[in-house]
Amino acid sequence: MRTLCYSVRLESLVRISDKAFKATSFDGSSDIIPASQVFGRDYEVMKSDAYWISAWILGKKSIQYSGKKQAWFDENGRQLPTYTIERHTPEKKEAKESNVINDLKR
């Protein structure tokens, strides 16, 4: 089973029991997050502490977060490769009568 997670920058994430964390965001809001929904620290973020938290629990909590940086995790807590598929549809061009460039012609 795969879980979608967002990288959430937090002011503090404190373990309050074996099964829960207390998360405080920079806007002052705080909430209790189950320990099973925190997938570890995001070491790519350098400005502050960021943690991988499952997307479905963030929708139910009052923590400030952004959905810009996301990743998938498996049931063992390992990050899976993320692929982005973009489709390109070329624009229609009209055929030219001649390929002669007058500036290059002798």
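One structure accompanies this document, and this report is about it. Every chain is numbered on its own, with residues counted from 1 as its sequence reads. Since the coordinates come from a predicted model, pLDDT governs what is reported: local features require at least 70, and pairs of side-chain atoms require 80 or more to be given and counted, while whole-chain, interface and lining totals use all residues. With hydrogens and water set aside, each side-chain value is computed from the structure's full complement of heavy atoms.

With respect to the helices and strands, Asp74 occurs in the loop between strand 7 (70-73) and strand 8 (79-80). Residue contacts are defined here by distance: any two heavy atoms, one from each residue, within 4.5 Å place the two residues in contact. Leave out the neighbours within four places in its chain, and Asp74 touches Met1, Phe39 and Leu80. Helix and strand assignments follow DSSP, with helices taken as H or I runs no shorter than four residues and strands as E runs no shorter than two, numbered in order from the N terminus.

In this scheme Phe, Tyr and Trp rings, the latter by its six-membered ring, pair at centre separations within 6.5 Å, and the angle between planes marks the pair as stacked below 30 degrees, edge-to-face above 60, and tilted otherwise. Enumeration according to the criterion identifies three aromatic pairs in this entry. Between Tyr6 and Tyr65 the ring centres are 5.7 Å apart and the planes differ by 20°, which places this aromatic pair in the stacked class. Of this pair, Tyr6 sits in strand 1 (residues 3-10) while Tyr65 sits in the loop between helix 1 (55-58) and strand 7; the two residues are 59 residues apart in sequence, bridging distant segments of the chain. Think of it in three bands: with a 1.4 Å probe and only protein chains considered, a residue is buried below 20% of the maximum accessible area for its type, exposed above 50%, and partly exposed in between. With a relative accessible area of 15%, Tyr6 lands in the buried category. Overall, Tyr65 belongs to the partly exposed group, its relative accessible area being 35%.

So, on to the sheet that holds strand 2 (residues 12-17). One requirement defines pairing of two strands: DSSP has to find at least two bridges between them. Taken in spatial order, the three strands of this open sheet run 2-3-4, and their pairing is antiparallel. The open sheet has two edge strands with one neighbour each: strand 2 and strand 4 (30-34). In this sheet, adjacent strand axes meet at a mean angle of 30° when their direction is disregarded. The axes used here are C-alpha line fits, helices contributing only the stretch in contact, and every angle between their N-to-C directions lies in the interval 0 to 180 degrees.

Here the nonpolar core consists of buried residues drawn from Ala, Val, Leu, Ile, Met, Phe, Trp, Tyr and Cys, with membership extended through side-chain atoms lying within 4.5 Å. The biggest cluster of nonpolar side chains holds 15 residues, and the ones touching the most others in it are Val8, Leu10, Leu13 and Ile53. Looking at this core, the elements that each hand over two or more residues are strand 1, strand 3 (20-24), strand 6 (49-54) and helix 1. Setting aside residues up to four positions removed in sequence, Leu13 forms contacts with Phe21, Lys22, Ala23, Val38 and Tyr51. Grouped together as the second largest cluster of nonpolar side chains are five residues, Cys5, Trp52, Ala71 and Phe73 included.

Turning next to the pattern of salt bridges. Counted as salt bridges are all cases of a side-chain nitrogen of Lys or Arg within 4 Å of a carboxyl oxygen of Asp or Glu. On inspection of all chains with the given rule, the structure shows five salt bridges. For the salt bridge of Lys69 with Glu44, the shortest nitrogen-to-oxygen distance reads 2.9 Å. Of this pair, Lys69 sits in the loop between helix 1 and strand 7 while Glu44 is found in the loop between strand 5 (38-41) and strand 6, placing the two residues 25 residues apart along the sequence. Residue Lys69 is classed as partly exposed on the basis of its relative accessible area, which comes to 27%. Residue classification places Glu44 among the exposed positions, given a relative accessible area of 61%. What emerges from the salt-bridge pattern is a single network uniting Asp42, Glu44 and Lys69.

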